[in-house]
Amino acid sequence: MRGTLAFIKKELIEHIRNYKLFIFFIVFAIIGILSPLTAKFLPELLESLMDENITIILQEPTHVDSWIQFFSNVNQMGLVVMVLVFSPLMAREYEKGTLVHMVTKGLPRLSIYSAKLAMLYLSWTLFYWMSALITLGYTFYYFPDSSTEGLLLATVSMYVFGLMLLALLLFAAVVLETTFAPLLVVGGFVGLLFLGELVPVIQEWSPLQLNSRNVQWLTGLEPGREIIQSFAVTGVLTVVFIAAGAALFRKKAIN
């Protein structure tokens, strides 16, 4: 436990020096501020840019539009930046040979792996929920009649989906000693999930539901057994990725 905490401290200092945490703060703060702002003023902006001879009927924006922007921005910006920044998580350690030095000094491999996983999850947890709280505050500011019905399930489901992707990223980073290969693994996995949506049976169990039905729950759709199945599959996959990564790292030859 002491070794894990020491390595977490080392990782934290390194991420601060490399401005990784600062990058996450900026990106997720922008997402939190921009999402309700875009929902509120985008219709007015579009209306001002349209030709006077063209008439477009736009619905009055609501708090749901704010969260639509939030989930879209987290998918297209937040998760992408998180995966990109953390993709060299193990590659640089392999290249620099720091792992050999630490292991020979007696630091358990499991402590190293646990510290890496802890930094991934702490970063995602801190900045995702920071962004969600900022969005919530500005949503109530711009849309005073906002409702939080279905919001907890919608935000938690995306959070759990992110945990799974980061567990896969760490697993791929352990197995593949390059910077870009883990990116391809995560991207390929998400692509397979989208292909699986074409098969109804797979769709009912797909983790992608946690990342695609958020808005439906905000608009009053009652979650059915499919959501329980999706949470179960996502949880199992997350545990499998974490356990497999730890087992492989313990046996991996470190040069």
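Just so we're clear, the structure is a prediction, and the values are computed from it rather than from any experiment.

Draft legend 1. Seen up close, the packing of helix 3 (residues 63-86) against helix 6 (residues 109-142). Where helix 3 meets helix 6, the closest approach of the two axes is 11 Å, and the angle between their N-to-C directions is 155°. Between helix 3 and helix 6, the interaxial angle falls into the category roughly antiparallel. Between helix 3 and helix 6 the crossing geometry is right-handed. Contacts between helix 3 and helix 6 involve His63, Ser66, Trp67, Phe70, Phe71, Val74, Leu79, Met82 and Phe86 from the former and Met119, Leu120, Ser123, Trp124, Tyr128, Ser131, Ala132, Thr135, Leu136 and Thr139 from the latter. The residue makeup of the contact of helix 3 with helix 6, split by class, is 13 nonpolar, 6 polar and no charged.

Draft legend 2. Geometry of helix 12 (residues 225-251). Compared with the 39 Å implied by 1.5 Å per residue over 27 residues, the 39 Å span of helix 12 between its first and last C-alpha is a close match. When we look at burial in helix 12, the residues that qualify are Ile227, Gln229, Ser230, Thr234, Thr238, Phe241, Gly245, Ala246 and Phe249.

Draft legend 3. Inspection of helix 3 at higher detail. Over its 24 residues, helix 3 extends 32 Å from the first C-alpha to the last, a length consistent with the 34 Å expected when each residue adds 1.5 Å. Along helix 3, the helix axis deviates most sharply at valine 74, where the bend reaches about 45°.

Draft legend 4. Representation of the nonpolar core within the structure. Phe28 and Trp124 are the most contacted members of the largest nonpolar core, which totals 64 residues. Of all the elements, helix 7 (residues 151-175) adds the most residues to this core, at 16 residues. The residues touching tryptophan 124, leaving out its near neighbours within four places in the chain, are Phe28, Val74, Leu79, Met82, Trp129, Met158, Tyr159, Gly162, Leu163 and Leu166.

Draft legend 5. Quick peek at unusual backbone geometry. Of note in this structure, tyrosine 19 is not a glycine but carries a positive phi near 65°. With respect to the helices and strands, tyrosine 19 occurs in the loop between helix 1 (2-17) and helix 2 (20-49).

Draft legend 6. Local environment of the UniProt feature "transmembrane region" (unreviewed entry) in the protein chain. In the numbering used here, UniProt assigns the "transmembrane region" (unreviewed entry) feature to residues 21-42, 67-89, 110-130, 150-176, 183-202 and 227-249. A distance of 39 Å separates the end C-alpha atoms of residues 150-176, which is 93% helix and 0% strand.

Draft legend 7. Summary view of the side chain of glutamine 209. Within the secondary structure, glutamine 209 sits in helix 10 (residues 209-212). The buried category is assigned to glutamine 209, whose relative accessible area is 2%. Separated by 3.2 Å, the side chains of glutamine 209 and arginine 213 make a polar contact.

Draft legend 8. A look at the packing of aromatic side chains. Per the counting criterion, the structure on display carries 18 aromatic pairs. A centroid spacing of 4.9 Å and a plane angle of 35° characterise the contact between tryptophan 124 and tyrosine 128, whose relative ring orientation is tilted. In this pair, tryptophan 124 and tyrosine 128 both sit in helix 6, 4 residues apart, roughly one turn of the helix. Across the pair, exposure class does not vary: tryptophan 124 and tyrosine 128 are buried alike. Cluster of aromatic residues (ring-pair linked, three or more members): Phe24, Phe28, Trp67, Phe70, Phe71, Phe86, Trp124, Phe127, Tyr128, Trp129 and Tyr159.

Parameters at a glance
Residues numbered from 1 in each chain as written. Predicted model: local features only at pLDDT ≥ 70, side-chain atom pairs only at ≥ 80, totals over all residues. Heavy atoms only, no water. Axes fitted to C-alpha atoms, helices over the stretch in contact; angles between N-to-C directions. Helix = DSSP H or I, 4+ residues; strand = E, 2+ residues; numbered from the N terminus. Parallel < 35°, antiparallel > 145°, perpendicular 65-115°, else oblique. Left-handed = near helix turned anticlockwise from the far one by under 90°. Contact = heavy atoms within 4.5 Å. Nonpolar A, V, L, I, M, F, W, Y, C, P; charged D, E, K, R; others polar. Expected span 1.5 Å × (residues − 1). Buried < 20%, exposed > 50% of the residue type's maximum accessible area, 1.4 Å probe, protein only. Bend = angle between axes of the 7 residues up to and from the residue. Core = buried A, V, L, I, M, F, W, Y, C linked by side-chain atoms within 4.5 Å. UniProt positions renumbered as here; feature names shortened; annotations may be inferred. Polar contact = N/O pair within 3.5 Å; in protein donor to acceptor, adjacent residues only side chain to side chain. Phe/Tyr/Trp six-rings, centres within 6.5 Å; stacked < 30°, edge-to-face > 60°.

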